[in-house]
Amino acid sequence: MFHSLTLGYLCTAAVLLGHCVSQTISSSSAGPAESPADDFIDFQSAPDRVVDGSAVCAVRYRCSRPCQLTVEVLVSTLRKTDFFVFRKKWISSSRPGAYRIRPVRLGLPPSLLYQQDFFNRHVMDAQNVTVRAFLHHLNDASKPGVHKVSILGLYKVLQVKPLSERPAKPPTACPSWSAHLMWQMRRNRTRQCAHESGIIDVLTFPMASSGEHFGLVRRLQPFIDRSLERARHRAVSRPSVTLSVWIYLLNWCHTRLCGIIHHMDGKNSYDSVLMLLTHAGDVIIQVRVTTGREEAFEAGVELPLRKWIRLDCTIRDAQVLLDATWDDKSRRSTFEFRRTIRYDDTEGYFVMGGGRFMAGVRGYIGPVKFYRFGTEEVKNELQPKSTLQKLDRTHQECREMKTFAEAFLKQVTRSSKGVCTPPFIRLWGRSGEKRCTQTWTWEQQLKYSRLFHFLQAKEEEIRTGSLSMKDLGRALFEQSVNSVFTRTQDNKITFNSTSLLQESSCFGNHKASLLLATIHLSGLGHSADQQQGHVYSLIGAAGDDRLALMHAGYKHTQGIDGFPKDLNLAYSYYSNIGAQSTTDVTKIHENEQHVVEHIYLSNPEDLSRFSQETDDVFQYLTFQAERGDVESQRHLAAMLYRGEHTVDKDTDRAVKWFERSAMQMKDAAAMYDYSIILMKGEGAKKNGTRGFQLMKKAAEMGSINALNALGWYYGNVLKDHRNAKKYFEQAALNGSEHGMFNLGIYYLNGMDPDSPERNETAAFQQFLKASWFGHVAGSVEAAWYLATGSLAAVSQDVEGAVIMLKKVCEQNGHLGFMIREALQAYLRGSWQEAFVKYVLAAETGLGLAQSNAAHLCEELSLSPDCQWRYHNYSILNYDPHPSALLKMGDYYYLPSSTRADSLSLVGRAISMYGRAAVAGSPQGMFNLVLLVRQGHALPSNIYGLFDVSPHDEQHVVVTKILKRCVEAEAADAVTPCSFALLGVQMGEALSRMTQSAAQLVLAYASLLSAFVVIVIMLLQSCLGQRVPAPRVRARTSPPTQDGDSMNREQEDVTGGTFRAAGILEIIALKGEQWLRQTGDLAVTVLGVCLCAFWTTLLYHLL
């Protein structure tokens, strides 16, 4: 029985298998196919090879019930398989069981049939071409027209000609000669995909880390290459990755943990991998395993200070290898987690150093390299090696110098005898020298001789305690500023030694570090040394100095002086100074800060406004304030409190005027200002109750700032967040940037009682709005979202973040204080001090300081490179001052007539003048007019500014530019633009007059009348100078006979003479009368002609 059942099963399986095989063969052959239900399909005729669109394929078929016939042509290439180039469908629903023949014209694309030419550029190198047909019943549940579910089908493979043997496509159009030539030149170019590598150079230039929450942010992008991206996806749950980083530690972690490298996911949570430094110098590696849990291990290695260390972290599945290398010796730590590590490098972002949620190490981070698919050998050399070795040597020298200074100070403070000379020197001197014990060597004293002499001069101050180690840096810098550059009698500046500056830098005064970096980078006084400049730039930034941080950020933003252009690195520095500016702006009244005042040394009007408290505006405000004017009292108080408008700070006087203006209860702004002073207790006794009452009254009177302050008071003092949010919203809706920022903080922290969830998107929108009004903290917050791209609704925009932070950082009060000191030094004649301080501010990227530094370079007859260096830097800013653009335009244009590359120089000059014109400079517009008249073309953006096009005539372009120039100039001034515009308009009017025959005759008549008048005036002048006729004298002797006869003869002669003279006189009189009449007529005609001429001319002008 068992054998019978087994045999039955085997027979059934064989029948079923045979049926399946027969179906497969019928649907996979080129011959006729017929199903058991009398469905049939066959090619009655089909082409054997790929031919043009006239090829016809005839399909013979029969359906047992309503069906659909589909005919397709499929193509396979080396890059893609089985894609359709032709498909047609027919439905057959009548007369089931009848045979039908369907002729099909195969419309193949030209890219498959012909050679490449101008109109058939993208040809297909087909490896296989197949024509197939299949049937599908319409009442099936499956989707009709799909080959995989068809009931019956067949195919035929066509022969394909290679590309070289294909015919040319018959021409249907004729391309232009130029277009065909360009195609011939480009047709044989082979397009290549951009090379992608699994090795990423995250950081190639050293970064200074101040040990705070500011580091380098990097986002890794998915691969474009699909195979690489698939491999990366597979490695997420089974990773093989290596991270290599160089670090130089100045201190171990000042908190429990500091970040070397950490990875944040899209939700701002820690992800694999984190490399952390402990307070004892050990390294901790933290990862996230596939279960989502975070695990970590301690490597058990103590990293040394002031040495370059390379850390290589390799992850393989669940294993972590950490190699720490210094002094050419490697130490390995290995740990294996119980579960596989999860690592997705495209999720979130990486941070080198400190981030928002973790402080960084204090020191420097060198080259960082990621091997996204791991590596057997790490190749991450210390680059730039010479620069980083100089950095190490500088720190070692500073350490020795500090040790020497500490020993000196200890000797002075402990010994009443002070510091003495070495014993062998005393042997040469007189007896009775003071004897003491010194802890430094004679070699050290010689090495640091300038420092030694400086300390010797300060012995008394050291002994009394007024000069300590903390004060040495400032004291050395103040002395070195006046000695590093000296002014000669002919107003030239010479360069001296920088040893005091180097010592000041070692003792923590990083303005000295910035000045040293500037000297080495610019070559002031000696040859430039970019490597040494980079060293001091890094030292200043690591010291957390505001100006040094701005300097480093600016250099990386522009990519100048050997600094690579790296916006992510620039953001790390600007975010630091931005956070410091957030605190500084609340302490602007302190003596070390000042409002940045835009006073240009090249502008006499700016300098005339700078006159301390004797300024007319200040005196007027004081006079009005004494008379009881509330607004004048408030403005005067603000000027004294913040040091605005060139007025020195005086907090006591400011508070007095704040109180007098507020107590009148008339000015809401004055009441708000005084209420803030009372609440903070700055300059007055703290009185929160009275301050709150004044603030509430000011809000009722319409003060927007008071509304924001009430929100702060309700939220932070009364803990009433509902009312606090209400006041913040009212202030924000009325345009208060502080209200916008505080409202953003409420959204960010989920402090809204009605909606306690965090809403980062709404918070970012409020921060962004506040940044538009220049709010410092709002700009810092908005820039973080733009730089990290951590918000789903906000794409990463590092450049936007850098621009935003640079603008607010340039308003920092400490930078303003440096500008103020430089200006005061310039006015009192200390030009070398002014030059040094303007240069320090110029290196931060402030355009005002750069223009003034360039002006001083010119006045002090320094090298031309000094002047053009800072003019050139100022035009690299996002909003350069027009005066700098004009200077650079002149710099390019003036030598253009004597240089071989004159066209290139003129093009640069036009670009500079055009940018000045865009900024509203009348001089820039006037210079553009001169260049247009010389036949030069303008940039495309200039045409749009003046509403002209490149096709307009020259006089149209000139007229529109001059009109805009006149509008930009003073309304009551007669300027070059107005004269030039008048000349152009007069020329156009005369040109239009000459186009009319009557007006042309009028012009000629005016000229002829003027000529006639001039001729007549000349003739009248000649006739008026004619010689008068001679007169006959009367007789005086008595007459005689002989005399009578003689007299008669004389009378005959005289009578003739008189008659001739009379005739001439008559002729002359008549000539004069005729000339007079003709002249009157000519003058009349001339007057009429001129009147008509000027009337016509004015008509054309107007």
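Scroll up to find the structure.
Sequence order as written defines the numbering, with residues in each chain counted from 1. Since the coordinates come from a predicted model, pLDDT governs what is reported: local features require at least 70, and pairs of side-chain atoms require 80 or more to be given and counted, while whole-chain, interface and lining totals use all residues. Only hydrogens and water are set aside when side-chain values are computed; all heavy atoms of the structure are taken into account.

## Overview of the overall build of the protein chain
1) Next: Under the scheme used here, helices are H or I runs from DSSP no shorter than 4 residues and strands are E runs no shorter than 2 residues, and both carry numbers assigned from the N terminus. When its secondary structure is counted, the protein chain shows 39 helices and 23 strands.
2) Next: Whether a residue is buried, partly exposed or exposed follows from its accessible area with a 1.4 Å probe, protein chains only, as a fraction of its type maximum: under 20%, in between, or over 50%, in that order. Burial status across the protein chain gives 47% buried among its 1102 residues.
3) Next: Taking the contacts inside the protein chain whose residues are at least 6 apart along the sequence as the reference set, 62% of them involve residues at least 24 apart.
4) Next: Residue-level accessible areas treat just the shown protein chains as cover; the underlying method is Shrake-Rupley with a 1.4 Å probe. Just so you have it, the protein chain exposes about 56,700 Å², and 53% of that area is on carbon and sulfur atoms. By definition, residues are in contact when any of their heavy atoms lie within 4.5 Å.

## Focus: the sheet that holds strand β15 (residues 283–288)
1) Next: Across the sheet, six strands lie side by side as β11-β20-β13-β14-β15-β16; this open sheet has antiparallel pairing. At either margin of the open sheet sits one strand with a lone partner, and together these are β11 (215–218) and β16 (294–298). Between one strand axis and the next, the sheet turns by 15° as a mean value, whatever way the strands run. When DSSP finds at least two bridges between two strands, those strands are taken to pair. Geometry is summarised by axes, namely lines fitted to C-alpha atoms with helices restricted to the contacting stretch, and by angles between N-to-C directions that run from 0 to 180 degrees.

## Overview of the sheet that holds strand β7 (residues 128–137)
1) Next: Reading across the sheet, the four strands line up as β5-β4-β7-β8 and stay open at both edges, with antiparallel pairing between neighbours. The outermost strands of the open sheet, each flanked by one partner alone, are β5 (83–92) and β8 (152–158). The mean angle between the axes of side-by-side strands here comes to 15°, regardless of whether they run parallel or antiparallel.
2) Next: Two elements, strand β4 (residues 67–76) and β5, share nine bridges in a ladder whose sense is antiparallel. By the bridge assignment for β5, valine 71 is matched with lysine 88.

## Concerning the state of the cysteines
1) Next: Pairs of cysteine sulfur atoms within 2.5 Å are identified as disulfides in what follows. Throughout the structure, instances matching the rule amount to five disulfides.
2) Next: What pairs with cysteine 63 in a disulfide is cysteine 67, and their sulfur atoms sit 1.8 Å apart. Across the S-S bond linking cysteine 63 and cysteine 67, the dihedral sits near 75°, which makes this disulfide right-handed.
3) Next: Classification of cysteine 67 as buried rests on a relative accessible area of 1%.

## Looking at the packing of helix α11 (residues 499–506) against helix α12 (residues 510–522)
1) Next: Where α11 contacts α12, the two axes come as close as 7 Å, and the packing angle between them is 135°. Regarding the angle of α11 to α12, the classification is oblique. In this structure, α11 crosses over α12, and the sense of that crossing is left-handed. On the side of α11, the interface is formed by Leu501, Gln502, Ser504 and Ser505, while α12 contributes His510, Ala512, Ser513, Leu515, Leu516 and Ile519.
2) Next: Three residue categories are used. Nonpolar comprises Ala, Val, Leu, Ile, Met, Phe, Trp, Tyr, Cys and Pro, charged comprises Asp, Glu, Lys and Arg, and polar comprises the others, including Gly. Class assignment for the residues of the contact of α11 with α12 results in five nonpolar, five polar and no charged. Any angle from 65 to 115 degrees is called roughly perpendicular, while one under 35 is roughly parallel, one over 145 is roughly antiparallel, and all others are oblique. The crossing is said to be left-handed when, going from far helix to near helix, the turn is anticlockwise and less than a right angle, and right-handed when the turn is clockwise.

## Digging into the packing of aromatic side chains
1) Next: In summary, the pairing rule links any two rings of Phe, Tyr or Trp, Trp by its six-membered ring, whose centres are within 6.5 Å, and it sorts them by plane angle into stacked for under 30 degrees, edge-to-face for over 60 and tilted for everything else. Here the structure, examined in full by the defined rule, presents 26 aromatic pairs.
2) Next: Ring geometry for phenylalanine 357 and tryptophan 784: centres 6.4 Å apart, planes at 85°, overall edge-to-face. Of the two residues, phenylalanine 357 sits in the loop between β20 (349–353) and β21 (362–371) while tryptophan 784 sits in helix α26 (residues 776–788), which places them 427 residues apart along the sequence.
3) Next: Residue classification places tryptophan 784 among the buried residues on the basis of a relative accessible area of 8%.
4) Next: Here phenylalanine 404 and phenylalanine 452 contribute two aromatic rings whose centre-to-centre distance is 6.4 Å and whose plane-to-plane angle is 50°, an arrangement assigned as tilted. Pair noted here: phenylalanine 404 is in helix α5 (residues 385–414) and phenylalanine 452 is in helix α8 (residues 449–457), with a separation of 48 residues, a long-range link. With respect to burial, phenylalanine 404 and phenylalanine 452 carry one shared label: buried.

## As for the pairing of strand β12 (residues 240–251)
1) Next: Judged by how many residues are buried, β12 sits mostly within the fold: ten of twelve residues are covered.
2) Next: Note that β12 and strand β17 (residues 308–316) share nine bridges and pair antiparallel. In the strand pairing of β17, valine 241 is matched with isoleucine 315.
3) Next: In this structure, β12 lies alongside β21, joined through eight bridges in antiparallel fashion. Opposite isoleucine 247, over in β21, you have isoleucine 365 as the bridge partner.

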